[in-house]
Structure formats: structure tokens, C-alpha cells
Amino acid sequence: MSIHIRTVTKHFGTFAALDDVSLDVADGSLLALLGPSGSGKTTLLRIIAGLEHADTGTIEENGADITDLHARSREVGFVFQHYALFRHMSVFENVAFGLRVRKTPDAQVRARVEELLRLVRLEGLGGRKPSQLSGGQRQRVALARAIAIRPKILLLDEPFGALDAKVRVELRQWLRRLHDEIGMTSVFVTHDQEEAFELADRVVVMNHGRIEQEGTPDEVFDQPATPFVMDFLGNVNVYHGRVENGRAFWHGIPIDYPDYPHAQARDARVYLRPHELDLSPATEVWHRPGTSLPARVVRVTRSGAVTRVACRPHGSDTELHVDVPSDTARLLTLEPGSNVAITPRRARVFLPGPEYVI
Amino acid sequence: MIAFAIDSSPLPVPPTASGRVGGRRRRPTVLPGFGVSAAITSIVVFSMIVFPLSVLVLRAASLGPGGFLAAAWTPRARAAYAVSLGASLIAAVLSSALGLVVAWVLARIRFPGHRLLDALVDVPLALPTAVAGLVYSSLYVPKGWLGQWLVPLGIKGAYSYLGIVLVLLFVSLPFAIRVVQPVIESLDRDTEEAARILGASRLQTFLRVVLPGILPAFVTGFALSLARALGEYGSVVFISGNMPFKTEIAPVLIVSRLEEFAYAEATTVAVLLLAMSLTLLIVVNTLQQRLARNAQ
Amino acid sequence: MASRPATTDASRPIAALLVTAAVAIVGLLIVVPLVVVFAEAFALGVAAWWRALADDPDTRHAIWLSLTVAPVAVAINTVFGVAAAWLVARFRFPGRSLLISFFDVPFSVSPVVAGLAIVLIFGRQGLLGPTLAWLDWQVIFAWPGLVLATTFVTLPLVVRELIPVMEAIGPDEEMAAVSLGASGWQVFWRVTLPNIRWALLHGIVLANARAMGEFGAVYVVSGHIAGATDTMPLRVEKLFQEYRQPASMAVASVLAGLALVTLVVKFVIEHRLATEARDLERARSADGTTHDATLEAA
């Protein structure tokens, strides 16, 4: 079951939730719609489900135009962010609902529901009411209910958003295993980058109703197509620099940039990821001007296995953040006031105007 | 290991009345039932509310401004308005004041019988007004349970203006209480404690910290009581004696003129009363909206 | 919202004074009249009370009339209430706010005015008077008029109950049902109705109490012909006018008894509603705080 979304636009009043969005979802893949609130990702998901209608554009399912098809006929499985379990029905009846409205015979219903409860590891809890379940259990009931009707595509709206961190991680891994078993085309919405990367085959980064980039998690992270993508995925330091002759210059330090071989110098924005910068004590390094930047440590914050060091380059007002493994940080004995040298391992350059990437 | 036997038999798609929506851009709603519910609602609202009241207004308007005034502003009618407004205002004031006391007690103080008192407040809402009128009148007549002591003291509760005020107070009391009670319950006690710690006396705390907080609800309760009192008919009929110019309220006048087939007077007075009620409704709604906004 | 136990912030004596005042107010205005109804109704004994109700054919008819008019009015308003609440709580459309404000009108209009409006339409000299005469249909001074008047005054009761509940619950469950393939009727019957049943019941109970007790509007419309168009409240008044106090009190006591039953049922339902509201809140907050042991096996 593949989905093709073509030039979909959706407005809520004057607010453009989706602006000319086109997307292909391959059969059997697990796709993440990733973006901040207001990016349009949930709206897009709901349009695929038929719970919202696009103003313009089409949706196709395996070649058939389903744009005007009502939600109840689309055979999609939708898992709501807050589960939307039928509060007055038992777990069993919740899962059975889709089957019952199709007048499925009782024996068949029972067999299928029990199979599903086993699948989501809730066997024996069929008699409980949703209010008697934990959040993670409710989410699994919602999932079982959605796939009970054998939908052609499974859609999940921030499925783990309301759950505790530990439960989230467990359910994430469990969902991936489930997808690998069933092989149903699935699309889920999240604002959590880690979740998208861990779960999805492909990631679609959205912002302000537009698709910024689409690709595998590696592609999107290592080769961000736009400044937004780079900024959204992980933390980033942004600086003004310039490009000329196949090199970008950041504080005088040259970085290879073959995409701009011209002699004409241009202003550029240099993006540096905190963990792609190396720190070394200034006294130790044979300070070769032009390869590393001298700076003074302002603040050291340890956050588990990573230590963030905020530095101020000499002669600059702005802070630069460098992430260093905590073990390394201990060896370096950094403290506010120490002098360090910062060497960039990698950088990305975006030129104002047409964007180029290293 | 998750074992999942994939059963390939397809599941039937549920039959739908509107599986395909003919013609793009018609935008059907996702949730069902818009058409049916809109039809029922508009038919009922129109035929039961808009149409009858419009007929009333148009009938009165057909008299022309001069005719309207002549019919609606007779001396007897003027007296009726005065009695209605006067008694309702007094009742609303009393209702708000006494209601505040009861609401405060219910919201703040725990005592044996609290639940019972709370339940009793709703009695006037459930009790038929005719029963209330009957009982009040029997209570305050010279031979009544209360009348036997009050009448010698000169307090005539039955067949008097006082009687009207009493029953109006009865019917409007729950409105005053139930609007103010939840607001008192949700007051932020911390601000009161802060005031006490800063040295304010109990009275000062009440006047400066508490009262401003409940003032919107208090005023809303007053308006609701007034609206309820203005329209009241059933209970007043039993207790007022319905003496024109003295204890005849506007609704009683309307019925009286109607029974004498004086349609012009009946309709015009009714329209005036309607105008007053609708104005109060708008006022109350605005107040309640502001109340809701302040609560956030 | 203060969650401390409501220990009085006033000192003990002031609290005692306030409580006494409140009890006195409620006692004098509400309790004493209630007691009087029953005391006077049974003053001559239960047998006399029964005779007053059962032996008088006009009174018997009044009871029967009330029992046939009120349920019909309540039924109409229940259907209306559900439809209107569904419309207003689940959809957005131009004129919605105006429509909602219309729902409140019967509450604020004097019942006499309502009755008069009905007479102006269906009376012999009314708008439809000639048509009705030609059809030989009697609306006012007859059962249909009573139903109309009673329906008008109880119109807001069910819909005002349902709208806040439906808005609080939200459309998600119904959307889920639609996405699972349910038709309109299936969504309503299986998902919506179970969720609103207590609020619906609450509204029906209130509407019924109001319908049975309605006086003003029915008075205008009925022509109060004893034995034909007198409902119970009208019968109370008729007996009162005829100086038949004990009989009047007897009928009044039945109405008062009904009011008390209504209050008890209302109390029970409100308890249920509060429990459901609390469950709703609990479900909304802290989700997934417990580590899911069921996920670990295998």
C-alpha cells in the first residue's frame, strides 16, 4: 500500500497549515513526520486519514484517488495522541469495535481480538476498562484496535507523546519490532528527533507547512538540506564567515568547501555541531594559526555522558558550545577561565540565497 | 519473539451511504449527523421560540406606536410594572445578600448537616411554583403557622406586597447561591493568608481581598435572581391577592386582560415584559462570559 | 483551587454565627414550607388524604393529565436536546453563538408571555385560528396546547446539560469510531450515548420536574376547564380558589413528594457525574508513570 500526496494545501482561516506539500510513502515502510508544533505534520496525517480535508491537492492510494473518500471508507488505522479509547467499553470491546460495526460474526471477533491482545501483550486484560490501565497499556489497546480491521495503512499521531520517558523507550522498540513483523505501511508524527531516528526507515522534516527535507535518518542528519533542518536536528552553533576559492573561512580558519570554487568572496553562514568540534588545552597544542581558535571557557555543564563546554573565543562576544564526552572532559580538567583551543572537524556552510552544503 | 499468523482473508469494507462524495470541494464533515441535527434544531428553535415570540411582537407592533403606548401605559399597567419591578428588585437584593451568607457557609465551613443544607438549596428549583404559592399563603395568613404570630405584630405576609417579595425570594434564592458558591470555593486562599500575615484584620481581608474576587459572580447572581423574579407567576398568584394597583404584578395583569379578551393590552404589556427579560438575558450572558474569562 | 480542608478562616464564634444564619435562612424560607405541605395534607389522616385524591373525578383527571402531558413534552425536549447539543458541540458554523443564546430564551421569558404567544397563534382569534376551526382541530384549551406550552418552558433543560459534557469529553472517541468504519447511527449509539447517559438522565429528570410543575404558561393556554384541561398545578389553584384547602394541599403534597424524589435522583446522578468528571481528569494527567512489566516477557 503506497501513498502519494500531491500538492496538498490546507488553511485554517488565514493560517496555512500545509503549503503545497507532496510526498510519496513506499509500501511497507515506516515513515516519520518530524517537526516542531505548527509545522503541519499532524494536519498532514489527519488528511491522509480523512479526518481533515485538503483545500487543494490529491491523495492517492496505490494509484486510486481517495481525496474525496470519507474517513470511514478509507480503511486506515489511526492511533490518536491521547488514545481516544471508548471509555465505557472494556478493552475487549474497544479492540472489537471495528469488527462489530462490520457485523463480523461473534466467533470470528473473539478469535481476532484474542489474537491481537496476545500480539500487544495484553492477554487476560480484555475485561478491564481503559481507566484501569496504565498509559502504555492504553496505547497498546489503541494500536490493537487500529490494526484489528486490517487497515492498509497505519497512522500514529505522536503515539508516545503523553508517556513517561522510560515507557516511551520501551514502546518505541516494541513498535519497531511489531512493524517488522506485520510489514504494514506506517506513518507516525513526532516532534522528538530521537524517536524519529530510532524508529523510522525514512524521515520527513517539516516546518511551517512545508517539507524541508526527506530521506533516511542518516541522510537527513549528515546532509541537512536547509538551515532549518540542520538547526532542528541536534544543537548547532551558527557563525558568519565567508567563502572563496573552494574554501570557507570561519574566524580565519579555512574549511574545505569545493562547492564554491569561485574567486569572488561571498558572505556565508557556517554551522558547527557541538560534538564536531575538538577541544584541547591551549598550552598543549602547538598553536598553528589558522587551524584552531583560541578561546576561554565560560561554563562547564555535565549532562550524563556528555559535557557541554561554553567557550568564548578571544575577541568575540558570542558563546560557542562544544560537546565533549564526559571522560575526555575529566582528563582535560576544564574550568571557567581556562584557555582552550577549538578545532572544527566538520562544518556545514549555507550561503544566503541558494543553499550549498559541503 | 512475537508470533503473528497473518490471515490473508480480507475484511469487508463497511457499506456507507456516502462513500464517495460526488464533486470535489464539497467538503463533507468527518463527524456524521450534521444535516439531521441541524434540521431538528432549527425547526424546533424556529417553531417554538422564534415564531411564537415574533408573532407576539408583531401583533403588538401592529397597533402602531400610539396604539402601543396607549395600551401598554395605562395607569393600571404602570402600577403593575411598578409592583413587578419593585418587588423583584427587593427580592433580588435580599436573595443576593442572604444567598451570599448561605453560599459562604456551604463553601467554606464544614458542619454536621452540610450535605443536607446543600441539597435543600435546590428545593425551590424542583418544587412547582403553585405549591410554593399555596404553602406560603397558608403560612402567613392570620391563622397560619407563622401568621398567627406575625399578623398581630403587623406583619402581613399574605395578600400583601410583602407576600410577593417573600415568594420571589423563595424562587430566586437558589440562583443567587449557586452562582456565587463555586466562585467562593475556588478562591485562592493563599492571597487571604498573605493579607492576614501582612496585618489585615478579618474584615479588611474580606472587604479588600475576598469581595473583589466574588463581585462579578455576586452581580451575576443578582441579575439572575432579578430575571427569575420578574417572570414569576404561579406562586405570586396565590399569595398576593392580585389587587390591581396594589399587589398586581405584570404577568397577572396580562392574564387578567387576556381573560377579558383585551388582546391589545395583554400583548403590549407582554411585549414590554419580554423586552425587559431579553435585556436581562443579554446582561446576564455578558456577565457570565466575563466571569468565565476572569476565572482563567 | 484550594485543596485544603475547609477549616474556617473566621474564628469559631463567627463561624457558628454564620452557620446559624444560613440554617435560619434556609430553614425559614425552604424547610418550613416543605414541612407545612405535608403536615397540612395529612392533617386529617392518610385516609382523608387518599380520598381527596382518588374520590374527586376532576382531581383524578388532573393527575392523569399531568402524567400524559409532561412525558410527551420531556420526550420532545430530549430529542431536541440531543440533536441541538450534537450540532453545537461537534460542529462550527456561522450563527452558532446566536443559536446557543436562543436556547436560553425560554428560561428568561415569563411563562405567561409564552402562553400568550401560543394563544396568539392557535387561539380562535389567532393566526391559525381560522385554519384550525376549518380543520376542527383544538389546540388551546386542549391537550396539544398544554403540550406546546410545557415543551416551551422546558426546552433548554436537556440541551444545557449535554453541551458542557460533550464539549468536555471531546470528539476524539467519535472520530476514532469513524476511522474504524462506524456509520453515523453506530457512532451515536455505541460511543456518544454511553458517554452522555448520566448528563442526559440529569436533564430528563430536571425537565420532568419542571414539566409537571409548570403553572403560568399552562394556565394561559388551558382555559382551565376543570375535569378537562386542568393539570395538577392548575387543580391546586382551582381547589384553592374554591376554598377547599385540605384537598388543595393533598394534590400539592403529591407534587411536593415528586419534587423531593426528583431531588434525590438528581443527587445520585450528580454523584455519578462527578465521579466521571474526576476519572476524566485523572486520565488526562499522569499517563504512563508505571513501568510496563507486561512488555518484558519474552
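Residues numbered from 1 in each chain as written. Chains lettered and ligands numbered in written order. Predicted model: local features only at pLDDT ≥ 70, side-chain atom pairs only at ≥ 80, totals over all residues.

Peer 1: I keep staring at the overall build of chain A and nothing clicks. Help me out?
Peer 2: Along its length, chain A carries 9 helices and 20 strands. Expressed along its principal axes, the backbone C-alpha trace of chain A runs to roughly 80 × 45 × 35 Å. For chain A, the residues scored as buried account for 45% of the 358 residues in total. Sequence separation of 24 or more characterises 64% of the internal contacts of chain A that already satisfy a separation of 6 or more. (Helix = DSSP H or I, 4+ residues; strand = E, 2+ residues; numbered from the N terminus. Buried ≥ 20, exposed ≤ 12 C-beta atoms within 10 Å, placed from the backbone. Contact = placed C-beta atoms within 7 Å.)

Peer 1: Please explain the overall build of chain C as it appears in this structure.
Peer 2: Helix and strand counts for chain C come out as 13 helices and 0 strands. The C-alpha atoms of chain C give a radius of gyration of 25 Å, which is well past the 19 Å a tight globule of 298 residues would have. Dimensions along the principal axes, computed over C-alpha positions, put chain C at roughly 80 × 65 × 35 Å. In chain C, 74% of the contacts between residues at least 6 apart in sequence involve partners at least 24 apart. (Rg over C-alpha atoms; globule rule 2.2 N^0.38 Å.)

Peer 1: So what exactly am I meant to see when it comes to the domain arrangement of chain A here?
Peer 2: When the parts of a complex come together, some accessible area is lost, and that lost area is often used as the size of the interface. Domain parsing of chain A yields domain 1 (3-217) and domain 2 (237-350). Distance from the C-alpha centre of domain 1 of chain A to the C-alpha centre of domain 2 of chain A: 42 Å. (Domains from an automatic or database assignment.)

Peer 1: It is not clear to me how the confidence of the model for chain A should be interpreted in this structure. Could you clarify?
Peer 2: In low-pLDDT segments, the atomic positions of the prediction should not be examined closely. The pLDDT averaged across chain A works out to 87; a share of 96% of its residues lies at or above 70. Mean pLDDT across the elements of chain A bottoms out in strand S20 (residues 348-350) of chain A (78) and peaks in strand S3 (residues 30-34) of chain A (95). (pLDDT = per-residue confidence, 0-100.)

Peer 1: Even after reading the chapter, I still don't get the pairing of strand S6 (residues 76-79) of chain A, so can you show me in this structure?
Peer 2: Within a regular strand, side chains alternate between the sheet's two faces. All names here are of chain A. Taking every second residue as pointing to the same face, both faces of S6 are buried, with Val 76 and Phe 78 on one and Gly 77 and Val 79 on the other. Relative to strand S7 (residues 153-157), S6 runs parallel, the two being bridged by 4 bridges. When the bridges of S7 are listed, Gly 77 appears paired with Leu 154. (Pairing = 2+ DSSP bridges.)

Peer 1: How should I be thinking about the interface of chain C and chain B in this particular structure?
Peer 2: Counting residues at the interface gives 83 residues for chain C, matched by 82 residues for chain B. Among the elements that make up the side of chain C that touches chain B, the one with the highest residue count is helix H1 (residues 12-41) of chain C (17 residues). Class assignment for the residues of the side of chain C that touches chain B results in 63 nonpolar, 13 polar and 7 charged. (Nonpolar A, V, L, I, M, F, W, Y, C, P; charged D, E, K, R; others polar.)

Peer 1: What is the right way to look at the packing of helix H6 (residues 129-140) of chain B against helix H8 (residues 161-185) of chain B in this model?
Peer 2: Relative placement of two packed helices is described by the angle separating their axes and the distance separating the axes. Residue and element names in this part refer to chain B. Running from N to C, H6 and H8 cross one another at 135 degrees; their axes reach a closest spacing of 10 Å. Considering their axes alone, H6 and H8 lie oblique with respect to each other. Handedness of the H6/H8 crossing: right-handed. Along the contact surface, H6 presents Thr 129, Ala 132, Gly 133, Tyr 136 and Tyr 140, while H8 presents Gly 163, Leu 166, Val 167, Phe 170 and Val 171. The class makeup of the residues in the contact of H6 with H8 is 7 nonpolar, 3 polar and no charged. (Axes fitted to C-alpha atoms, helices over the stretch in contact; angles between N-to-C directions. Parallel < 35°, antiparallel > 145°, perpendicular 65-115°, else oblique. Left-handed = near helix turned anticlockwise from the far one by under 90°.)

Peer 1: Whenever I open this one, unusual backbone geometry confuses me. Can you help?
Peer 2: With the exception of glycine, most residues fall at negative phi, and the peptide bonds are largely trans. At Tyr159(B), a position not held by glycine, the phi torsion is positive, near 55 degrees. Its place among the elements puts Tyr159(B) in the loop between helix H7 (147-150) and H8. In the Ramachandran plot, Asp136(C) falls in the positive-phi region, its phi being about 60 degrees despite a non-glycine side chain. Mapped onto the elements of the fold, Asp136(C) is located in the loop between helix H7 (129-135) and helix H8 (143-169). Overall, Asp136(C) belongs to the exposed group, with 6 C-beta atoms counted inside 10 Å.

Peer 1: Help me understand the confidence of the model for chain C in this model?
Peer 2: Residues and elements named next belong to chain C. Put simply, chain C has an average pLDDT of 88, and 91% of its residues get 70 or more. Per-element confidence in chain C is highest for helix H3 (residues 57-90), whose mean pLDDT is 95, and lowest for H7, whose mean pLDDT is 87. Residue range residues 1-8 is modelled with pLDDT below 50. Its contacts to residues more than four positions away, or to other chains, number 11 contacts.

Peer 1: Quick question: what am I supposed to make of the nonpolar core here?
Peer 2: Within soluble globular proteins, side chains that are nonpolar generally end up buried alongside one another. In terms of nonpolar packing, the biggest core is built from 176 residues, with Val131(B), Leu116(C) and Leu162(C) touching the most fellow members. For this core, the element with the highest residue contribution is H3(C), accounting for 16 residues. Contact partners of Val131(B), with chain neighbours within four places excluded, come to Val37(C), Val236(C), Ala252(C), Leu255(C) and Ala256(C). (Core = buried A, V, L, I, M, F, W, Y, C linked by C-beta atoms within 7 Å.)

Peer 1: In this structure, what is going on with the pairing of S7(A)? I would like to understand it.
Peer 2: Residue and element names in this part refer to chain A. Extensive coverage of S7 is indicated by the burial of 5 of its 5 residues. What you see with S7 is no split at all: Ile 153, Leu 155 and Asp 157 on one side and Leu 154 and Leu 156 on the other are buried throughout. With 5 bridges connecting them, S7 and strand S8 (residues 185-190) associate as parallel partners. From the neighbouring strand, Leu 155 faces S8, where its bridge partner is Val 187. Between S7 and its parallel partner S8, the chain crosses via helix H5 (residues 165-182), and the hand of that crossover is right-handed. (Right-handed = clockwise from strand over helix to strand, strands pointing away.)

Peer 1: Just to check I follow, could you spell out the sheet that holds strand S18 (residues 320-325) of chain A for this structure?
Peer 2: Strand pairing in a sheet is mediated by backbone hydrogen bonds. Such pairs are either parallel or antiparallel. Residues and elements named next belong to chain A. Pairing in this open sheet of 5 strands is antiparallel, and the strands run S15-S19-S16-S17-S18 from one edge to the other. For this open sheet the edge positions go to strand S15 (277-281) and S18, each flanked by a neighbour on one side alone. Each strand of the sheet is rotated relative to its neighbour by a mean of 45 degrees, with strand direction disregarded. Where S15 meets strand S19 (residues 339-344), 5 bridges bridge the pair, whose relative direction is antiparallel. Within S19, the residue paired with Ser 280 across the bridge is Ala 341.

Peer 1: Got a minute to help me understand the packing of H8(C) against helix H10 (residues 184-213) of chain C in this structure?
Peer 2: Residues and elements named next belong to chain C. Taken N-terminus to C-terminus, the directions of H8 and H10 make an angle of 160 degrees; their axes are 9 Å apart at the nearest point. One finds that H8 runs roughly antiparallel with respect to H10. For the element pair H8 and H10, the recorded crossing hand is right-handed. Contact residues: H8 offers Thr 150, Val 153, Thr 154, Leu 157, Val 158, Glu 161, Leu 162, Val 165, Met 166 and Ile 169, while H10 offers Asn 195, Ile 196, Ala 199, Leu 200, His 202, Gly 203, Ile 204, Leu 206, Ala 207, Arg 210 and Ala 211. In terms of residue class, the contact of H8 with H10 is made up of 14 nonpolar, 5 polar and 2 charged.

Peer 1: Whenever I open this one, the sheet that holds strand S11 (residues 237-244) of chain A confuses me. Can you help?
Peer 2: All names here are of chain A. Sheet architecture is open: 5 strands sit in the order S13-S12-S11-S14-S20, paired in antiparallel fashion. Each having just a single partner strand, strand S13 (253-256) and S20 make up the two edges of the open sheet. On average, each strand axis in the sheet is inclined to that of its neighbour by 40 degrees, with strand direction left out of account. Examined bridge by bridge, S11 and strand S12 (residues 247-250) share 3 bridges and lie antiparallel to one another. Within S12, the position partnered with Glu 244 by the bridge is Arg 247.

Peer 1: Before we go on, may I ask you to explain the environment of Gly227(C) in this structure?
Peer 2: Residues and elements named next belong to chain C. Turning to its location among the elements, Gly 227 is positioned in the loop between helix H11 (216-222) and helix H12 (232-241). The exposure class assigned to Gly 227 is partly exposed, which follows from the 15 C-beta atoms found within 10 Å. Sequence-wise, Gly 227 and Arg 244 are 17 residues apart; in three dimensions their C-alpha atoms are separated by 16 Å. What Gly 227 contacts, discounting residues up to four positions off in sequence, is Pro 57, Asp 58 and His 61.

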